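Chain by chain, the residues:
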Amino acid sequence: MTAGLDRAHRETIFVEEAEVLSHHHLEGDQHILRVQAPETAHHAQPGQFAHIRCHPLLPMRRPLSIMRTDARKGWVEFLYKVVGEGTRLLARRVPGERINLMGPIGRPFTLLADRRQPLLVGGGVGIPPMVFLADAMRRAGGYAPFAVLGSEVPFPFRARPSAFQVPGMPEGVIGAMPLLEDWGVASRLASLQGYAGCFEGYVTGLARLWLEALPEHARAQVAVYACGPHPMLEAVALLAGEFGLPCQVSLEEFMACAVGGCAGCTVRVRTPDGPAMKRVCVDGPVFDAAAVFGTD
Amino acid sequence: MQADDADKLRLDFCGLPFNTPLVLLSGCVGFGEEYTRVTGFTHFDVGAVCLKGTTLEPRLGNPPHRVCETPAGMLNAIGLQNPGARYVVDEILPRLPFAETRFIANLSGSTVEEYAEVARIFDDSPIDAMEVNISCPNVKEGGVAFGNDPDMSARVTEACRKVTDKPLIVKLSPNQTDIAENARRCLEAGADAFAVINTLMGMAIDIESRAPVIGNNQGGLSGPAIKPVALLKVHQVYQVCRDHGVPIIGQGGVASPEDAIEFLIAGATAVGVGTGLFYDPLLCAKINAGIVDYLDRHGLATVGQITGSLVLNDEGGSCAGG
């Protein structure tokens, strides 16, 4: 080994033959998959993903965001929606089968010590990393996150009336994610589908009501974290910019190697040196929103 | 791996000591260190690593999507995203672990002069060898346009040859009429070795939007889908190389020990692994073990003894030509 060279990146991703522990199939072709993957469970941080061999005959893996982990028991949980051949085949895997996965991968969300009132915005399959992030903030202590979750298919959980008062919420917007409630994390739901207890509109509409209702000293404690469809992220970035808040977004792109080798998953971002193509897999998936959505 | 097994896999490639016959292919492994992120991966499992295609000036590459899955393979059109030859030599090569394996630069460009200039920059560096990429299908100028024209292929090879004594490997395109003729011309122009083959040009279409899936509209097809094409091309180029002792890196869809052994039998001295890593990042160790097992079963002492051992069927057709 050559002396003095930085080798910190080495051996940070594990290849595991992960046994399927449970696989729950929900409305809207959404699925919650729990696998036994001790190394990934032990090392994963919010915002990271696993690269999954959905079926032995598919040449490419699929990246899936991690929703929950239990480091002690060694399991990792994913929430995904069937969007193509890979996820369609993955949805057929049953408990007892083994799935080859690589994980954990990617640059995670950064918790900001001077921003104790984080806003977590998750849209559709962008919900899982927000759940993981809320769990991390709860464990870290000292954070009071508020999660705004949006979906245009039935939510992948049965919403329940929230026990938390949240500033700025319109009458009747009381639906919350039970898991987050149990963790003591306030949440509200948004959809255009008119689901009971949900805000009828976009996640950014609901987030704006909350931000506007916060006293100024509390708003200064907000950092925004988002994952979801690209137009949603763009709207969230705009909202954060309007309120002068730091914002981190998690991106997705078609991906081949997931270790930074092929540059297949790049997105255009701006840097102090001008525009650059950054790899979603290892330079992301979490990026500073201003770098992604700002102008060159 | 046991010491005597390691000895069976070692070979000399253009004077370079290779740990094993496996070569990690350009464009699949970034600038050399990326796969070491994976626990269990080691450079000691491979003979050489080909770095990402490098041009004289930095390039941003193509817009997304750059990759998509196709039956038994994938399309890619990265567009030679790279930080430029000077940066690679000054900032990246000093950080590479030359104690672990050999590193090969991949020279790309839009003009003959650019190829030569990139070769000149790498000549004054610790790089072990250079691969002349005259077959990149994903850039508007140069690349495959040179690779499909034997005259241009020879001119690019000759221009690079003039500025370096390091081993020069010419990467041949499958998108041409007569690959053997092209190899012959490059050999005369000073090529020390060949890499056979680069990707085949292809397209995938999103039927809802009616637009090509790949941002560049077309891309290079790789993966198991192209293996039979690659094997035939290796066989054909081997007919040109055999009597000159010029080695071939056989590549295209290698995903198992059996695939690698097929390429060796067809005439390859070394075997490239690229897209197969995306499926299994620990593939190289498995291929090495499979080759050792094959050597043992066939009573062979070294991997070099497999090269070119193809036994053609007596009553079969000719495999010559394009």
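Notes on the structure follow. These numbers were taken from a predicted model, which means no experiment stands behind them.

**Comments concerning the side chain of threonine 204 of chain A**
1) Next: Inspection of the secondary structure puts threonine 204 of chain A in helix H5 (residues 203-213).
2) Next: If we skip the residues at most four places from it in the chain, threonine 204 of chain A touches Ala235, Val236 and Leu239 of chain A.

**As for the pattern of salt bridges**
Here the idea is simple: oppositely charged side chains can pair when their charged atoms come close.
1) Next: For the structure on display, the rule yields 30 salt bridges over all chains.
2) Next: The residue arginine 7 of chain A makes a salt bridge to glutamate 33 of chain B at a minimum N-O spacing of 3.8 Å. Taken together, the residues arginine 7 of chain A in the segment before strand E1 (14-26) and glutamate 33 of chain B in the loop between strand E3 (22-24) and strand E4 (48-54) connect one chain to another. As far as the burial class goes, arginine 7 of chain A and glutamate 33 of chain B line up, both buried.
3) Next: Between arginine 86 of chain B and aspartate 90 of chain B there is a salt bridge whose closest N-O contact spans 3.2 Å.

**A closer look at the packing of helix H6 (residues 179-188) of chain B against helix H7 (residues 227-241) of chain B**
Residue and element names in this part refer to chain B.
1) Next: Where H6 contacts H7, the axes come no closer than 9 Å and their chain directions differ by 40°. Judged by the inter-axis angle, H6 sits oblique to H7. In this structure, H6 crosses over H7, and the sense of that crossing is right-handed. Judged by residue contacts, Ile179, Ala180, Ala183, Arg184 and Leu187 of H6 engage Lys233, Gln236, Val237 and Val240 from H7.
2) Next: Looking at the contact of H6 with H7, its residues break down into six nonpolar, one polar and two charged.

**A short note on the sheet that holds strand E5 (residues 67-70) of chain B**
Residue and element names in this part refer to chain B.
1) Next: On the basis of which strands lie adjacent, the open sheet formed by four strands has the order E5-E6-E14-E11 and antiparallel pairing. Lying at the two open borders of the sheet, with one neighbouring strand each, are E5 and strand E11 (200-202). Each strand axis lies, on average, 35° off the axis of its neighbour in the sheet, ignoring direction.
2) Next: Judged from the three bridges that link them, strand E6 (residues 73-76) and strand E14 (residues 219-222) form a sheet pairing that is antiparallel. Counted as the bridge partner of asparagine 76 is glycine 220 from E14.

**Some thoughts on the interface of chain A and chain B**
1) Next: Counting from both sides, the interface comprises 37 residues of chain A and, opposite them, 37 residues of chain B.
2) Next: Taking both sides of the interface into account, the surface hidden between chain A and chain B amounts to around 3,200 Å²; carbon and sulfur atoms contribute 56%.
3) Next: The closest approach of N and O atoms between arginine 62 of chain A and glutamate 69 of chain B, which form a salt bridge, is 2.6 Å.
4) Next: Elements with a contribution of two residues or more to the side of chain A that touches chain B: E1, strand E16 (266-271) and strand E17 (274-279) of chain A.

Cut-offs used in this document
Residues numbered from 1 in each chain as written. Chains lettered and ligands numbered in written order. Predicted model: local features only at pLDDT ≥ 70, side-chain atom pairs only at ≥ 80, totals over all residues. Heavy atoms only, no water. Helix = DSSP H or I, 4+ residues; strand = E, 2+ residues; numbered from the N terminus. Contact = heavy atoms within 4.5 Å. Salt bridge = Lys/Arg side-chain N within 4 Å of Asp/Glu carboxyl O. Buried < 20%, exposed > 50% of the residue type's maximum accessible area, 1.4 Å probe, protein only. Axes fitted to C-alpha atoms, helices over the stretch in contact; angles between N-to-C directions. Parallel < 35°, antiparallel > 145°, perpendicular 65-115°, else oblique. Left-handed = near helix turned anticlockwise from the far one by under 90°. Nonpolar A, V, L, I, M, F, W, Y, C, P; charged D, E, K, R; others polar. Pairing = 2+ DSSP bridges. Buried area = accessible area lost by both parts, 1.4 Å probe.

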